[in-house]
Amino acid sequence: WIATIIEGAIENWADFGILLAIQFINATLGWYETIKAGNAVAALKASLKPLATAKRDGKWQSIDAALLVPGDLVLLASGSAIPADCLINHGTIDVDQSALTGESLPVTMHKGMSAKMGSMVVRGEVEGTVEFTGANTFFGKTANMLNQEQGMGHLQKILLKIMLVLVGLSFILCFTCFGYLLGTGISFRESISFTVV
């Protein structure tokens, strides 16, 4: 915007028009991409509502996983996502915990072991008792730790330093170019136009 204002102030209308058009095109594209990304996230959230097979009123029912409470009896079957942190009541299942631990191979779990929310059952079928839900799960506690404000991280500090160096270098080069052009007898108007663009 500063370059556009300077070009307008020195009445260089061609460059002013081009810079103004670039600003409006950039703003329009940014707005469009933001709207498109928001719609995609909304559609993804709607399609990913996790379901759980829980025993309610003496029979198995498919319910929204958000309605589970500690103590509920759930069915952990092959191909299903584990809806909450659950203790395995009996039997054996193989669980893919790669989303939580990065482990590439499934983990075999037996009676008394805790299957964590966010993992998938890849083999077997057992009943489990819900131990923790929502923010109290292993996954929820991890998400809470990541959401806490801890100031700038190490990478952010490095990127800020790099940005400040590049901005400083840019200003030094622009002022050097501007001074050189003025020193060689080029008019102020042409020098500032060249330096800004």
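Everything below is about the structure printed above this text.
A quick note: this is a predicted structure, and the numbers were derived from the prediction, not measured.

Tell me about the overall build of the protein, and please be specific about residues and values.
When helices and strands are tallied, the protein shows six helices and nine strands. A compact globule built from 197 residues would reach a C-alpha radius of gyration of about 16 Å, whereas the protein, at 30 Å, exceeds it by more than 25%. Considering only C-alpha atoms, the protein reaches an extent of 90 × 30 × 25 Å along its principal axes. Burial analysis of the protein (197 residues in total) assigns 20% to the buried set. The contacts in the protein between residues at least 6 apart in sequence include a share of 53% that link residues at least 24 apart. As displayed, the protein has an accessible area near 13,500 Å², and 66% of this comes from carbon and sulfur atoms. Charged side chains of the protein number 13 positive and 16 negative; the gap between the two group centres comes to 7 Å.

Conventions adopted
Residues numbered from 1 in each chain as written. Predicted model: local features only at pLDDT ≥ 70, side-chain atom pairs only at ≥ 80, totals over all residues. Heavy atoms only, no water. Helix = DSSP H or I, 4+ residues; strand = E, 2+ residues; numbered from the N terminus. Rg over C-alpha atoms; globule rule 2.2 N^0.38 Å. Buried < 20%, exposed > 50% of the residue type's maximum accessible area, 1.4 Å probe, protein only. Contact = heavy atoms within 4.5 Å. Areas by Shrake-Rupley, 256 points an atom, 1.4 Å probe, with all protein chains shown as cover. Lys, Arg positive; Asp, Glu negative; His and termini not counted. Charge placed at Lys NZ, Arg CZ, Asp CG, Glu CD.

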